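Single-letter residue listing:
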Amino acid sequence: MGDTAIFPRPGLPGRAADALGTPPASIAPRLDFTRAAVLQSTLDNLETRVRERTAQLEAQVIERHKAEERLRELTTRLLQVQDDECRRIARELHDSAGQYLAAIQMNLSALSRDASALGAPQAKRIADSIEMANRCTTEIRTISYLLHPPLLDEMGLASALALYAEGFAERSGIRVELDISKDFGRLSVDSEIAMFRIVQQGLANIHRHSGSRVAKIEIAQDAEEVTMKIGDQGRGIAPAMLREINSGTRLIGVGLAGMRERTRVMNGRLNISSSRSGTTIEVNLPIAESTDHTQS
Ligand SMILES: Nc1ncnc2c1ncn2[C@@H]1O[C@H](COP(=O)(O)OP(=O)(O)OP(=O)(O)O)[C@@H](O)[C@H]1O
Ligand SMILES: [Mg+2]
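Residues numbered from 1 in each chain as written. Chains lettered and ligands numbered in written order. Predicted model: local features only at pLDDT ≥ 70, side-chain atom pairs only at ≥ 80, totals over all residues.

Draft legend 1. How the structure looks around the sheet that holds strand β1 (residues 175-180). A sheet is described by the order of its strands in space; here 5 strands give the open sequence β1-β2-β3-β5-β4, paired in mixed fashion. Bordering the open sheet on either side are β1 and β4 (269-275), each of which pairs with just one other strand. For this sheet, the mean angle separating the axes of adjacent strands, direction not counted, is 10 degrees. Where β1 lies against strand β2 (residues 214-221), 6 bridges are found, and the strand directions are parallel. Bridge pairing in β2 places isoleucine 180 opposite isoleucine 219. Sheet strands touched by helix α6 (residues 189-210): β2, β3 (225-232) and β5 (278-286). Its angle to β3, the strand with the most contacts, is close to 10 degrees. (Pairing = 2+ DSSP bridges. Helix = DSSP H or I, 4+ residues; strand = E, 2+ residues; numbered from the N terminus. Axes fitted to C-alpha atoms, helices over the stretch in contact; angles between N-to-C directions. Contact = placed C-beta atoms within 7 Å.)

In structure tokens, the structure reads:
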């Protein structure tokens, strides 16, 4: 072959230099210059692509934040609409169906007073109808109360919870201990509704899932925030499930997720701790300025 000298070129390991061969000394500077230009252009291209990709990713992050913000606004609105709707249906039930039923009961009572003029079968029918009308009234009162307890607007959280806990204990057979100071003040309308709904969901979960015979609700207040704990002595939530619930990777039901959303909307914190000897849900809500209850 020719007289090409073989030697390791600077910057290239010996075997790479062997493979490429080495140009004659006279054209080496020109080739170095060309290689440098190619390298520079490759570098420029890479930098442009990195800049473009970074811009794309930044745009995606901004879009995602906007979508999350829209979702939060929608959730807040949905919770408000749900509460307003529950309040409206509760009033409708009480004021409309409840009043018609009361009128039917009065008519039936008047008829039963004249029962001596009727035959035994008719008197029996009237007595049965009175019984069914009474049951229906109780049902309507309970449904209306569960949809929106009137005491919550009029007397505040402490009174509404005391009555609710009593009814729940009767229905479920679970002993409920409510620890809330007598002088517990009024909170904002939204905070009171949020806390009442969280207790409803918490007690429903204790009844459905914990197997506990007791439930304890503790509510304390300082100048800045209200702390509420809802605890049981049941079987607890399995650690793997609790991790999924906390990270939001799995939506099992809407109870805990709803509690979390209500707390977040009020700029509060929610923490679930659970072991084989029970579960406690702790909610901290900052005390809002407005405690105006005239709107509700
Ligand atoms: N106090 C508790 N004790 C034991 N397990 C619980 C308790 N609270 C919740 N869990 C577990 O966490 C799961 C999620 O609760 P969540 O309230 O979100 O949904 P759910 O009660 O299953 O359904 P939903 O509330 O929508 O009717 C429950 O299915 C249950 O397995
Ligand atoms: Mg539930």
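Read on for the rest.
Draft legend 2. Representation of the site of ligand 1 within the structure. Surveying the vicinity of ligand 1 reveals 17 residues, the closest of which are Asn205, Ser210, Gly253, Gly255 and Leu256. Mapped onto the shell around ligand 1, the elements with two or more residues apiece are α6 and α8 (255-265). It is α6 that contributes the most residues to the shell around ligand 1, 5 residues altogether. Here the shell around ligand 1 is built from residues that sort into 6 nonpolar, 8 polar and 3 charged. (Near = placed C-beta within 6 Å. Nonpolar A, V, L, I, M, F, W, Y, C, P; charged D, E, K, R; others polar.)

Draft legend 3. Broad picture of the packing of α6 against α8. Where α6 contacts α8, the two axes come as close as 10 Å, and the packing angle between them is 160 degrees. With respect to α8, the element α6 is oriented roughly antiparallel. The interaxial crossing formed by α6 with α8 has left-handed handedness. Residues Ala194, Arg197, Ile198, Gln201, Ala204 and Asn205 of α6 pack against Gly255, Gly258, Met259 and Arg262 of α8. When grouped by side-chain class, the residues that make up the contact of α6 with α8 number 4 nonpolar, 4 polar and 2 charged. (Parallel < 35°, antiparallel > 145°, perpendicular 65-115°, else oblique. Left-handed = near helix turned anticlockwise from the far one by under 90°.)

Draft legend 4. Focus on the pairing of β2. What joins β1 to β2 is α6, and the crossover it makes is left-handed. As paired elements, β2 and β3 share 7 bridges and run antiparallel to each other. Its bridge partner lying in β3, isoleucine 217 is registered against isoleucine 230. Taking the residues between adjacent antiparallel strands as the criterion, β2 and β3 are bridged by 3 residues. (Right-handed = clockwise from strand over helix to strand, strands pointing away.)

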